[in-house]
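Coordinates in review
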Amino acid sequence: MSATEDFIVADIALADYGRKELDIAETEMPGLMAARAEFGESQPLKGARISGSLHMTIQTGVLIETLKALGADVRWASCNIFSTQDHAAAAIAATGTPVFAVKGESLEEYWSYTDRIFQWTDGGHSNMILDDGGDATMYILIGARAEAGEDVLSKPGSEEEEVLFAQIKKRMTETPGFFTKQRDALLGVTEETTTGVNRLYQLARAGELPFPAINVNDSVTKSKFDNKYGCKESLVDGIRRATDVMMAGKVAVVCGYGDVGKGSAASLSGAGARVKVTEADPICALQAAMDGFEVVLLEDVVSTADIFVTTTGNKDIIRIEHMREMKDMAIVGNIGHFDNEIEVASLRNYTWTNIKPQVDMIGFPDGKRIILLSEGRLLNLGNATGHPSFVMSASFTNQVLAQMEIFQHHEKYEKGVHVLPKHLDEKVARLHLDKLGAKLTVLSEEQASYIGVTPEGPFKPEHYRY
Ligand code: NAI
């Protein structure tokens with residue numbers, strides 16, 4: 001790469017390969033292609049300057065090209081150091097879209113790339129963020145608080161925060177006032193995942209969310225599809241590509257039985273593993289039991305299970321005392337958004353043997369070994385290629401509609417977190433039916449009024465849970 005090029009990718013020569021896969025993905029992403037057909041001419045995102053922080057995969061490439069087809073200018077980074085597909089990043093960079101993403105980038109690079117998605121070559125600012133996990137949003141909000149004189153950078157709580165804070169200080173020195181100006185230029189944020197949405201609600205409760213945000217995750221056509229059916233395909237894919245282990249007959253423990261846990265347990269069980277589940281929520285625990293999974297305490301199964309997967313979005317789930325008790329060559333991985341579900345830091349004291357990228361064997365003092373996937377980062381994107389295109393089409397069609405909604409109608413939205421209206425959720429689903437050959441029954445006027453809806457929908461009241 002030359003110093004004047006406005007992108008950082010592993011190898012721009014991978015662009016042709018990436019383009020071929022983008023072409024294939026388009027055939028599996030009917031929602032995004034329909035958005036291009038419906039809105040391409042009217043250019044609803046003209047004038048939008050979107051900073052995107054979301055796994056730089058082939059599917060995300062189709063999202064980026066859809067946002068551009070609707071008129072947006074886009075700068076992009078990945079939201080995880082291991083999730084980039086280098087050929088996807090190359091193909092997008094080759095079209096002139098600034099992409100900053102390399103599979104296996106360091107934490108320092110990660111935060112400097114997050115910074116780059118806000119550094120427009122004309123010195124202007126982004127007016128929209130498209131976030132996955134909240135890192136891009138947090139970068140700007142923490143920076144703005146630091147510029148306002150708040151003591152937010154003096155006590156990093158983790159190695160990750162140490163690197164983030166160093167990047168914020170660097171930008172504050174290089175461009176004084178940058179974060180405040182960038183924050184004030186933002187019309188809003190659209191957030192992809194459960195963990196990022198949790199962060200947004202916490203900010204809103206504390207009165208610290210200065211713009212409207214759309215919670216894309218809680219569109220039904222996102223969390224009940226991507227989190228569930230997506231993980232159903234991509235969890236075992238990640239474990240197999242990492243280890244080639246025989247799944248059938250193995251005992252697997254899934255920690256958490258929310259949407260991701262449900263998909264993950266189904267994935268393992270579909271591969272023939274005998275699945276056990278841990279849960280803290282009695283409703284989800286009861287669901288797990290009635291779906292046929294034994295609900296257990298991690299402590300009770302830790303020495304007998306073969307495969308462990310965390311899906312909670314919570315921290316400190318598999319701790320060092322658990323890993324000490326595990327069998328020789330137990331496989332440990334996480335599919336939740338952040339790597340703090342597994343206490344990886346304590347494993348640093350032991351002997352690490354790298355088997356291949358994102359697969360490590362860790363030797364304990366007593367000679368026992370475990371296999372750790374993606375250093376505890378989300379393994380379906382670290383060890384494999386994430387969810388298939390079709391399910392990501394549903395998620396990303398919600399993203400496109402959410403970006404359009406905030407960009408065009410931001411004055412309608414108060415500061416705080418919002419979800420898309422149900423008719424748009426139903427529209428996203430509708431756009432994906434033809435591809436599967438699904439035929440929708442049309443309600444007669446009489447039937448519709450009997451159940452209190454209209455033949456065009458929405459078909460359910462807001463409180464319906466699917
Ligand atoms: P969720 O809130 O539906 O499920 C999490 C479940 O974990 C809850 O039922 C909760 O009660 C349970 N839990 C919390 N603490 C626990 C503990 N100590 N032990 C056992 N269970 C516990 O969230 P969702 O949507 O399933 O997402 C989970 C995580 O996965 C989030 O971080 C989310 O951002 C991420 N995610 C990852 C994807 C991927 O492709 N890797 C896709 C979608 C979401």
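Source: prediction; values computed, not measured.

Secondary structure assignment for the protein yields 19 helices and 15 strands. In terms of overall dimensions, the protein is globule-like: its C-alpha atoms have a radius of gyration of 22 Å, near the 23 Å expected for 466 residues. With 466 residues in all, the protein has 55% of them scored as buried. By sequence separation, contacts in the protein at least 24 residues apart represent 73% of the contacts at least 6 residues apart. Between the centroid of the 46 positive side chains of the protein and the centroid of its 66 negative side chains there is a distance of 1 Å.

For the rest of this paragraph, the subject is the site of the ligand. Close to the ligand lie 26 residues, the nearest being T193, T194, T195, V260 and E279. At 2.6 Å, a side-chain N or O of T193 approaches an oxygen atom of the ligand. For the ligand, an oxygen atom lies 2.7 Å from a polar atom in the side chain of T194. Contact with the protein chains hides 82% of the accessible area of the ligand, taken as 860 Å² for the molecule alone. Put simply, the parts of the chain that give the shell around the ligand at least two residues each are helix 9 (194-205), helix 10 (220-243) and helix 11 (259-270). Of all the elements, helix 10 adds the most residues to the shell around the ligand, at 3 residues.

Another aspect to go through is the UniProt feature "binding site: substrate" (unreviewed entry) in the protein. The feature "binding site: substrate" (unreviewed entry), as given by UniProt, occupies T57, D132, E192, K222 and D226 in the numbering adopted here. With respect to the secondary-structure elements, D132 resides in the loop between strand 4 (128-131) and helix 6 (135-147). Accessibility expressed as a relative area gives 4% for D132, which makes it buried. Apart from the residues lying within four places of it in its own chain, the contact partners of D132 are S53, L54, H55, C79, E191, E192, T193 and H337. Here E192 lies in the loop between strand 5 (188-191) and helix 9. Each residue touching E192, except ones within four places of it in the same chain, is listed here: L54, D131, D132, V216, N217, K222, D226, M392, S395, F396 and Q399.

On to the confidence of the model for the protein, then. When pLDDT is averaged along the protein, the result is 97; 99% of the residues meet or exceed 70. For this predicted complex, the interface score ipTM comes out at 0.99, while the overall pTM is 0.98.

Among the 9 residues in helix 4 (residues 86-94), 8 count as buried, and that is most of the element. The set of residues buried in helix 4 consists of D86, H87, A88, A89, A90, A91, I92 and A93. Packing partners of the buried residues in helix 4 comprise helix 1 (15-27), helix 3 (58-69) and strand 3 (99-100). Where helix 4 ends, the next residue or the one after it, G96, has phi of about 100 degrees, a positive value.

This paragraph deals with the sheet that holds strand 8 (residues 274-278). Strand order in the open sheet formed by 8 strands is 9-8-7-10-11-14-13-12, with mixed pairing between adjacent strands. Edge positions in the open sheet fall to strand 9 (294-295) and strand 12 (351-356), since each of these has one partner strand only. Pairing of strand 8 with strand 9, which is carried by 2 bridges, proceeds in the parallel orientation. From the neighbouring strand, K276 faces strand 9, where its bridge partner is E294. Strands in contact with helix 10 are strand 10 (307-310), strand 11 (330-334), strand 12, strand 13 (359-363) and strand 14 (369-373); relative to strand 14, the strand with the most contacts, it is inclined by about 125 degrees.

This part covers the UniProt feature "domain: S-adenosyl-L-homocysteine hydrolase NAD binding" (unreviewed entry) in the protein. As annotated by UniProt and renumbered to match this structure, "domain: S-adenosyl-L-homocysteine hydrolase NAD binding" (unreviewed entry) occupies residues 227-386. Between the first and last C-alpha atoms of residues 227-386 the distance is 11 Å; the span itself is 35% helix and 23% strand.

Before going further, it helps to spend a moment on the state of the cysteines. All told, the structure shown has 0 disulfides when counted by the stated rule. Free cysteine: C231, not disulfide-bonded; nearest cysteine sulfur from C79 at 14 Å. The thiol sulfur of C255 is not disulfide-bonded, and the nearest other cysteine sulfur, from C284, lies at 14 Å. By relative accessible area, C255 is classed as buried at 1%.

The next subject is the packing of helix 10 against helix 11. Two numbers describe how helix 10 lies on helix 11: the axes approach to 7 Å, and their chain directions differ by 40 degrees. Of the possible angle classes, the one that applies to helix 10 and helix 11 is oblique. As for how helix 10 packs across helix 11, the hand of that crossing is right-handed. Each of S223, K224, N227, K228, C231, K232, L235, V236 and I239 in helix 10 lies in contact with helix 11, whose residues at this interface are D259, V260, G263, S264, A266, S267 and L268.

This part is about the sheet that holds strand 2 (residues 73-77). What the 7 strands build is an open sheet, ordered 3-2-1-4-5-6-15; its pairing is parallel. With one partner strand each, in any of the chains shown, strand 3 and strand 15 (416-418) form the two edges of the open sheet. Pairing geometry for strand 1 (residues 49-53) and strand 4, over 4 bridges, is parallel. The partner of G52 across the bridge, within strand 4, is L130. Contacting strand 5, strand 6 (212-215) and strand 15, helix 9 runs over the sheet at an angle of about 140 degrees to strand 15.

Once that is clear, we can look at the packing of aromatic side chains. The geometry of an aromatic ring pair comes down to the distance between the two centres and the angle between the two planes. Enumeration according to the criterion identifies 9 aromatic pairs in this entry. With 5.0 Å between their ring centres and 85 degrees between their planes, Y110 and W111 make a pair best called edge-to-face. When the centroid spacing of 5.6 Å and the interplanar angle of 50 degrees are considered together, the rings of F225 and Y229 count as tilted. Of this pair, F225 and Y229 are both found in helix 10, 4 residues apart, which corresponds to roughly one turn of the helix. You can call Y229 partly exposed: its relative accessible area is 39%.

Tallied over the full model, the rule gives 25 salt bridges. Across the salt bridge formed by R183 and D184, the nearest N and O atoms sit 3.0 Å from each other. Using a relative accessible area of 25% as the deciding quantity, one classes R183 as partly exposed. Notably, a salt bridge pairs K327 with D306, separated by 2.7 Å at the nearest N-O pair. Of this pair, K327 sits in the loop between helix 14 (320-325) and strand 11 while D306 sits in the loop between helix 13 (298-301) and strand 10, and the two are 21 residues apart along the sequence. Salt bridges sharing partners connect three or more residues here, namely D115, K170, R171 and E174.

What counts, and at which threshold
Residues numbered from 1 in each chain as written. Predicted model: local features only at pLDDT ≥ 70, side-chain atom pairs only at ≥ 80, totals over all residues. Heavy atoms only, no water. Helix = DSSP H or I, 4+ residues; strand = E, 2+ residues; numbered from the N terminus. Rg over C-alpha atoms; globule rule 2.2 N^0.38 Å. Buried < 20%, exposed > 50% of the residue type's maximum accessible area, 1.4 Å probe, protein only. Contact = heavy atoms within 4.5 Å. Lys, Arg positive; Asp, Glu negative; His and termini not counted. Charge placed at Lys NZ, Arg CZ, Asp CG, Glu CD. Near = heavy atom within 4 Å. Polar contact = N/O pair within 3.5 Å; in protein donor to acceptor, adjacent residues only side chain to side chain. Areas by Shrake-Rupley, 256 points an atom, 1.4 Å probe, with all protein chains shown as cover. UniProt positions renumbered as here; feature names shortened; annotations may be inferred. pLDDT = per-residue confidence, 0-100. Pairing = 2+ DSSP bridges. Axes fitted to C-alpha atoms, helices over the stretch in contact; angles between N-to-C directions. Disulfide = S-S within 2.5 Å. Parallel < 35°, antiparallel > 145°, perpendicular 65-115°, else oblique. Left-handed = near helix turned anticlockwise from the far one by under 90°. Phe/Tyr/Trp six-rings, centres within 6.5 Å; stacked < 30°, edge-to-face > 60°. Salt bridge = Lys/Arg side-chain N within 4 Å of Asp/Glu carboxyl O.

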